[in-house]
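Residues per chain, in single letters:
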Amino acid sequence: MQFPGTKRKKLSLAGDQRSASYPHSLQFYLQPPSENISLSEFETLAIERLKLLKTVENLGVSYLKGSEQYQNKLESEIRKLKFSYRESLDDEFEARRRDHISHFILRLAYCQSEDLRRWLIQQEMDLFRFRFSILPPDKVQDFLKDSHLRFETISKEEKELHFQDILDSSVPLSGNKYELDAVYKVPFSDALDLFRGRKVYLERGFAFVPHQDIVSIILNDFRAKLSKALALTARSLPSVQSDERLQPLLDHLSHSYVGQDYNAQGNVGKISLDQLDSLAMKSFPLCMRQLHKALREHHHLRHGGRMQYGLFLKGIGLTLEQALQFWKLEFIKGKVDTDKFDKGYAYNIRHSYGKEGKRTDYTPFSCMKIILTNPPSQGDYHGCPFRHSDPELLKQRLQSSKISQTGINQILDYVKGTHYQLACQKFFDLTHNVEDGMFSLNHPNQYFLESQKLLSGGREVRKEPSQPEVPQARQSAQKTANSASSSLPASLDSTLEMDMEGLEGYFSE
Ligand code: SF4
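It should be emphasised that the depicted structure is a prediction, and the values quoted were computed from it without experimental measurement.

J.: I would appreciate a short explanation of the site of the ligand in the present structure.
T.: Close to the ligand lie Pro285, Cys287, Cys367, Ile370, Cys384, Pro385, Phe386, Cys424 and Pro444. Elements that contribute at least two residues to the shell around the ligand include exactly α19 (367–372) and α20 (385–388). Its residues placed into classes, the shell around the ligand shows 9 nonpolar, no polar and no charged.

Next comes the structure, spelled out in structure tokens:
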């Protein structure tokens with residue numbers, strides 16, 4: 001891929017060439033794209049694919065993968081995002097092109113750490129599985145051929161010979177279907193998943209795989225190739241990162257957030273400082289409750305905590321004057337005198353409100369940013385408790401929030417599965433007594449707004465909300481355990497990212 005600054009060579013292909021470029025809705029992504037695209041298209045495609053993969057992740061946890069509901073929801077989301085999904089649609093060229101290019105962009109952004117690679121591979125595999133499942137049977141052979149996947153099919157005689165063995169080992173498979181479909185003979189090592197699930201007939205080092213089960217073999221291949229490609233991409237990253245146009249964009253993409261930015265806008269000045277303690281107990285997500293409580297107890301927060309909490313408070317509507325008053329009152333209760341506060345911390349707070357330095361109006365951090373960057377160390381209180389807290393400590397906090405044991409287990413299951421935002425959303429549902437999945441949580445300020453909407457009767461509540469978490473006994477410094485509802489996409493503007501680095505500098509002691 002090349003990224004020209006201003007000139008862009010438009011790709012213009014005749015009808016036949018268009019279909020030849022992308023013969024199927026499903027791709028194995030063997031060849032990287034070679035056309036020129038603008039930086040703005042690069043950014044747009046990256047955001048769109050992130051949205052798609054995030055949807056795949058959310059649906060995979062909310063529904064049984066492969067179930068009718070899952071298939072229907074995923075199909076409709078893919079259609080909404082204008083990515084390819086149906087083999088038979090007439091002109092899918094643009095959708096397939098977007099699919100191809102955006103996949104490779106995310107490879108660049110998500111090859112940078114083990115966590116990111118694992119996440120990308122999982123979502124891409126689920127997406128592939130879905131698309132394969134709706135591929136018409138008569139197109140499967142073409143797809144395999146075009147993707148250089150050569151699976152040997154067994155002869156009619158061999159099929160008859162092993163009829164009963166294969167039928168008995170591959171559940172459920174009807175005799176009629178067996179007659180019609182191909183049976184593939186693949187090396188045993190390629191069919192480990194089927195073997196583990198006792199779903200395949202083995203003989204002399206080969207697995208006899210009926211057509212209906214071939215997807216798991218193809219997925220193994222897809223995973224192996226993608227994993228290798230990500231490792232290779234990671235090795236070539238230094239040369240990509242030397243391009244000053246791309247580096248901030250890729251860095252930002254790997255923890256980027258694709259929803260509303262939750263700047264205070266209409267809420268400015270609607271909250272008084274006296275309300276903060278009660279709001280923290282009722283409507284703050286766990287990460288912000290933790291910061292609020294630490295600040296009240298220790299009258300100080302280190303810079304990671306000040307950034308995360310300060311911007312959250314700005315997002316819920318604290319004015320600059322209120323923020324200065326709030327932080328000053330706390331800090332002078334601690335070891336900071338008025339003079340030191342005015343000279344140092346006050347400047348930082350004004351900076352975060354865009355009144356100093358480059359005058360950037362900074363936005364609150366999204367869950368993705370909190371979960372994936374700047375993990376807390378000893379003495380820090382920032383981060384996401386579902387990601388960064390010791391599991392036992394998290395359990396205690398959930399217990400003190402009066403959540404039932406079943407609810408706690410559900411939350412801890414999500415945490416174990418590294419679905420931190422879903423764990424937080426479950427926490428929201430249980431502490432507000434609402435039905436599952438009323439919104440898709442991506443941002444601490446979204447949590448706050450949804451909670452306020454519910455508590456003020458903006459939404460139907462099943463019953464009176466139970467008292468959410470009460471302040472807990474003083475706890476030792478947080479231990480490090482080890483990971484949109486809006487239609488307005490936040491920009492991945494590289495300038496903003498660079499500005500944030502500047503802000504971090506301002507916030508340090
Ligand atoms: Fe905060 Fe988001 Fe973690 Fe919830 S998931 S605790 S809102 S960072």
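That shown, we press on.
J.: Could you clarify how one ought to interpret the environment of Glu450 in this entry?
T.: Looking at where Glu450 falls in the secondary structure, it is placed in helix α24 (residues 444–455). Distance in space between the C-alpha atoms of Glu450 and Phe428 is 9.3 Å, their sequence separation being 22 residues.

J.: Hey, could you run me through helix α21 (residues 391–400) in this one?
T.: Helical geometry note: an α-helix holds 3.6 residues per turn, so side chains three or four residues apart project in the same direction. Among the residues of α21, Leu393, Leu394, Arg397 and Leu398 are the ones counted as buried. Looking down the long axis of α21, one finds its buried residues gathered within 140° of arc, a one-sided arrangement. Elements in contact with the buried residues of α21: α15 (286–298), α20, α22 (405–416) and α23 (420–432). Capping the start of α21 is the job of one residue whose side-chain oxygen sits 2.9 Å from the backbone nitrogen of Glu392: Asp390. Immediately beyond the C-terminal end of α21, within one or two residues, lies Lys402, with a positive phi of roughly 60°.

J.: It is not clear to me how the pattern of salt bridges should be interpreted in this structure. Could you clarify?
T.: If the charged atoms of two oppositely charged side chains come close together, the side chains can form a pair. Taken as a whole and judged by the stated rule, the model has 25 salt bridges. Glu48 is paired through a salt bridge with Lys51; the nearest N and O atoms lie 3.9 Å apart. Taken as a pair, Glu48 and Lys51 lie in helix α2 (residues 39–62) at a separation of 3 residues, close to a single helical turn. Like Lys51, Glu48 is buried. The salt bridge partner of Asp380 is Arg302, with a shortest N-O separation of 3.5 Å. Here Asp380 is found in the loop between α19 and α20, whereas its partner Arg302 is found in the loop between α15 and α16 (303–316), with 78 residues between them in sequence. Residue Asp380 is classed as buried on the basis of its relative accessible area of 8%. Residue Arg302 is classed as partly exposed on the basis of its relative accessible area of 39%. Each of Glu35, Glu41, Glu94 and Arg97 takes part in one network of salt bridges that share partners.

Reading the values: rules and limits
- Per chain, the residues get numbers from 1 upward, laid out in the order the sequence is written.
- pLDDT decides what is reported in this predicted model: residues at 70 or higher carry local features, side-chain atom pairs at 80 or more are listed and counted, and totals for whole chains, interfaces and linings draw on all residues regardless.
- Just so you know, side-chain values use all the structure's heavy atoms and leave hydrogens and water out.
- What makes a residue near a molecule or strand is one non-hydrogen atom of that residue sitting within 4 Å of it.
- Labels follow the DSSP assignment, with helices taken as runs of H or I lasting at least four residues and strands as runs of E lasting at least two, numbered in each case from the N terminus.
- Each residue gets one of three labels, nonpolar for Ala, Val, Leu, Ile, Met, Phe, Trp, Tyr, Cys and Pro, charged for Asp, Glu, Lys and Arg, and polar for the others, Gly among them.
- A simple rule labels every residue: compare its accessible area, found with a 1.4 Å probe on the protein chains alone, to the largest value its type can have, and call it buried under 20%, exposed over 50%, or partly exposed in between.
- Directions are taken from the helix axis to each C-beta atom, and the arc is the one they span.
- Contacts: residue pairs with any heavy atoms within 4.5 Å of one another.
- A 3.5 Å cut-off defines polar contacts: any pair of N or O atoms within that distance qualifies, except that in protein one atom must be a possible hydrogen donor and the other a possible acceptor, and neighbouring residues in sequence count only when both atoms are side-chain atoms.
- The salt bridge criterion pairs a side-chain nitrogen of Lys or Arg with a carboxyl oxygen of Asp or Glu, the two atoms within 4 Å.

Function cannot be inferred from these measures alone, as they are strictly geometric.
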